[in-house]
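Summary of structural features
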Amino acid sequence: MIATFRISEDDYADAMRLFARPTPLRWALLAAIGVLLLLGALIGGPALWPAAVGGMVGMAIVLLATRLLTPALARRHYHKYKAMQVEFQAELLDTGLRLASPHGDGTVVWENVLKWRQNDRFVLIYPMPRLYHIVPKSIASQGFDLQGLTQRLERYVGPPF
């Protein structure tokens, strides 16, 4: 079953938000850094207080700025990325996922998928650490086997990260 879809500006921004969502490992690392900074502020004495508090404030600013700037940057990228604004086709094959547009056609074979993630609207398929294909879950309404896609990803790639 071949399904067609377009990625809108809002879709692209929401997919970028999903891409930028920290993994549990990153949250654990941020929490550990936060605890170390807090301990430094509490028991480090007056000489360490400014550095520890500055580190906590800086970390909070970076996290907030990332959360606020990601959608705006994604929208800017979308406007510059003309190939993303066309109609795509997706077809689930035994060997992988075939994606086609007026600009190209190719199959992402399961062996070449590094990782994947999903939310209620999208499945992101990563052939590289920072490069992903966006598959909107709305294509299930056209008869696309979305459950088959996620099952194959789990079987050949592993659980979503």
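For the structure itself, look to the data block above.
Reference entry: report on the structure contained in this document. None of these values were measured; they are calculated from a predicted model. (Residues numbered from 1 in each chain as written. Predicted model: local features only at pLDDT ≥ 70, side-chain atom pairs only at ≥ 80, totals over all residues. Heavy atoms only, no water.)

1. Remarks on the packing of helix α2 (residues 24-43) against helix α3 (residues 49-80)
Axis separation between α2 and α3 bottoms out at 7 Å; the angle between their running directions is 150 degrees. Put simply, α2 runs roughly antiparallel to α3. Both α2 and α3 take part in a crossing whose hand is left-handed. Taking contact as the criterion, the partners of Leu30, Ile33, Gly34, Leu37, Leu38, Gly40 and Ala41 in α2 are, on α3, Trp49, Ala52, Val53, Gly55, Met56, Met59 and Leu63. Of the residues in the contact of α2 with α3, the class split is 11 nonpolar, three polar and no charged. (Axes fitted to C-alpha atoms, helices over the stretch in contact; angles between N-to-C directions. Helix = DSSP H or I, 4+ residues; strand = E, 2+ residues; numbered from the N terminus. Parallel < 35°, antiparallel > 145°, perpendicular 65-115°, else oblique. Left-handed = near helix turned anticlockwise from the far one by under 90°. Contact = heavy atoms within 4.5 Å. Nonpolar A, V, L, I, M, F, W, Y, C, P; charged D, E, K, R; others polar.)

2. Some remarks on the nonpolar core
Ranked by size, the top nonpolar core spans 35 residues in total, and within it Leu97, Leu124, Ile125, Phe144 and Leu149 carry the most contacts. Tallying contributions element by element places helix α1 (residues 9-20) first for this core, with six residues. Each residue touching Leu124, except ones within four places of it in the same chain, is listed here: Ala15, Leu18, Phe19, Lys115, Trp116, Arg117, Tyr132, His133 and Ile134. (Core = buried A, V, L, I, M, F, W, Y, C linked by side-chain atoms within 4.5 Å. Buried < 20%, exposed > 50% of the residue type's maximum accessible area, 1.4 Å probe, protein only.)

3. Examining the layout of surface pockets
Put simply, the largest pocket is a space of about 810 Å³. What lines the largest pocket is a set of 29 residues, among which Ala20, Arg21, Pro22, Arg26 and Thr66 lie closest to the centre. Contributing elements (two or more residues each) for the lining of the largest pocket: α1, α2, α3 and β5 (115-118). For the lining of the largest pocket, the leading source of residues is α3, giving nine residues. Considered as a void within the structure, the second largest pocket measures approximately 500 Å³ in volume. As for the second largest pocket, its lining consists of 23 residues, of which Tyr81, Met84, Phe88, Tyr132 and His133 are closest to the centre. (1 Å grid on protein atoms, 1.4 Å probe; cavity = no way out; pocket = protein on both sides within 12 Å on 5 of 7 lines; lining within 4 Å. Points joined across faces, edges and corners; volume = space filled by probe spheres on them.)

4. Quick notes on the sheet that holds β5
With respect to topology, three strands assemble into an open sheet ordered β5-β6-β7, the strand pairing being antiparallel. Looking at the sheet topology across the chains shown, the edges are occupied by β5 and β7 (131-136). Between one strand and the next, the sheet's axes are offset by a mean angle of 20 degrees, whatever the strand orientation. Two strands pair when backbone bridges link them, and strand β6 (residues 122-128) and β7 are joined in this way by five bridges, in the antiparallel orientation. Within β7, the position partnered with Met128 by the bridge is Leu131. Running at roughly 60 degrees to β6, α1 makes contact with β5, β6 and β7 of the sheet. Most of the contacts of helix α4 (residues 146-156) go to β6, to which it runs at about 35 degrees, and overall it touches β5, β6 and β7. (Pairing = 2+ DSSP bridges.)

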